[in-house]
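If you want the building blocks of each chain, they are given just below.
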Amino acid sequence: NPMDSEVLTMEELFELLPEGFKPAPRITEDDKNNNIQTTNRKLSQRVYLSIRPDDEIGWSLPIATLNEKNANNESFVDCVKRYMKSNKMLQDLKLLHLSN
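These remarks concern the structure in this document. (Residues numbered from 1 in each chain as written. Predicted model: local features only at pLDDT ≥ 70, side-chain atom pairs only at ≥ 80, totals over all residues. Heavy atoms only, no water.)

**Considerations on the overall build of the chain**
Across its full length, the chain holds three helices and zero strands. The helix and strand sequence of the chain, counted from the amino end, reads α-α-α. Relative to its length of 100 residues, the chain is extended, with a C-alpha radius of gyration of 20 Å against a globular reference of 13 Å. Each of the three principal axes of the chain carries a C-alpha extent, and together these read 55 × 45 × 35 Å. Taken across its 100 residues, the chain has 13% of its residues classed as buried. When the accessible area of the chain is evaluated, it comes to approximately 9400 Å², of which 53% is carbon and sulfur surface. (Helix = DSSP H or I, 4+ residues; strand = E, 2+ residues; numbered from the N terminus. Rg over C-alpha atoms; globule rule 2.2 N^0.38 Å. Buried < 20%, exposed > 50% of the residue type's maximum accessible area, 1.4 Å probe, protein only. Areas by Shrake-Rupley, 256 points an atom, 1.4 Å probe, with all protein chains shown as cover.)

Rendered as structure tokens:
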């Protein structure tokens, strides 16, 4: 059960690292140069896209399913692009994907 696991402090986690290990800095050159065309920035923060389709449903994460007719041919990225085109709130977002 995950709730029964021991919670370690940041200091205790660092003690578990191999001797001489130095974590990479959380502020990168891309942060300093305000390069927003990369994912190599704001490494200390998590970002989630949440949408609010209407007042009845409230806020949620976007959910899309692979097209059953093209399940063998539709990639995850194709599915996301299709979903974004069909959703008025997401049509103006620029999709940056890091894989095929």
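**What about the side chain of Glu 74?**
Relative to the helices and strands, Glu 74 resides in the loop between helix 2 (29-32) and helix 3 (76-86). The buried category is assigned to Glu 74, whose relative accessible area is 11%. Separated by 2.5 Å, the side chain of Glu 74 and the backbone nitrogen of Asn 67 make a polar contact. At 2.8 Å, the side chain of Glu 74 forms a polar contact with the side chain of Arg 82. Each residue touching Glu 74, except ones within four places of it in the same chain, is listed here: Leu 66, Asn 67, Cys 79 and Arg 82. (Polar contact = N/O pair within 3.5 Å; in protein donor to acceptor, adjacent residues only side chain to side chain. Contact = heavy atoms within 4.5 Å.)

**Remarks on a negative patch on the surface**
The grouping of Glu 6, Glu 11, Glu 12 and Glu 15 at the surface amounts to a negative patch. Inspection of the secondary structure puts Glu 15 in helix 1 (residues 10-15). (Patch = residues over 30% accessible without salt bridge, like charges linked within 9 Å, V, L, I, M, F, W, Y side chains within 5 Å. Salt bridge = Lys/Arg side-chain N within 4 Å of Asp/Glu carboxyl O. Lys, Arg positive; Asp, Glu negative; His and termini not counted. Charge placed at Lys NZ, Arg CZ, Asp CG, Glu CD.)

**Brief notes about the pattern of salt bridges**
With the rule as written, the count across this model stands at two salt bridges. Across the pair Lys 32 and Glu 29 runs a salt bridge, and its minimum N-O distance is 3.6 Å. Here Glu 29 and Lys 32 lie together in helix 2, a separation of three residues that amounts to about one turn. The closest approach of N and O atoms between Arg 82 and Glu 74, which form a salt bridge, is 2.8 Å.

**Details of the environment of Asn 87**
Inspection of the secondary structure assignment puts Asn 87 in the segment after helix 3. Judged by relative accessible area, which is 13%, Asn 87 ranks as buried. Sequence-wise, Asn 87 and Ser 5 are 82 residues apart; in three dimensions their C-alpha atoms are separated by 41 Å.

**Regarding helix 3**
Every buried residue belonging to helix 3 is among Val 77, Cys 79, Tyr 83 and Met 84, and all of these are buried. For helix 3, the buried positions fall inside an angular range of 160 degrees around the axis, keeping them on one side. Helix 3 presents Lys 85 and Ser 86 as exposed residues on the side facing more than 90 degrees away from its buried surface. (Arc of directions from axis to C-beta.)

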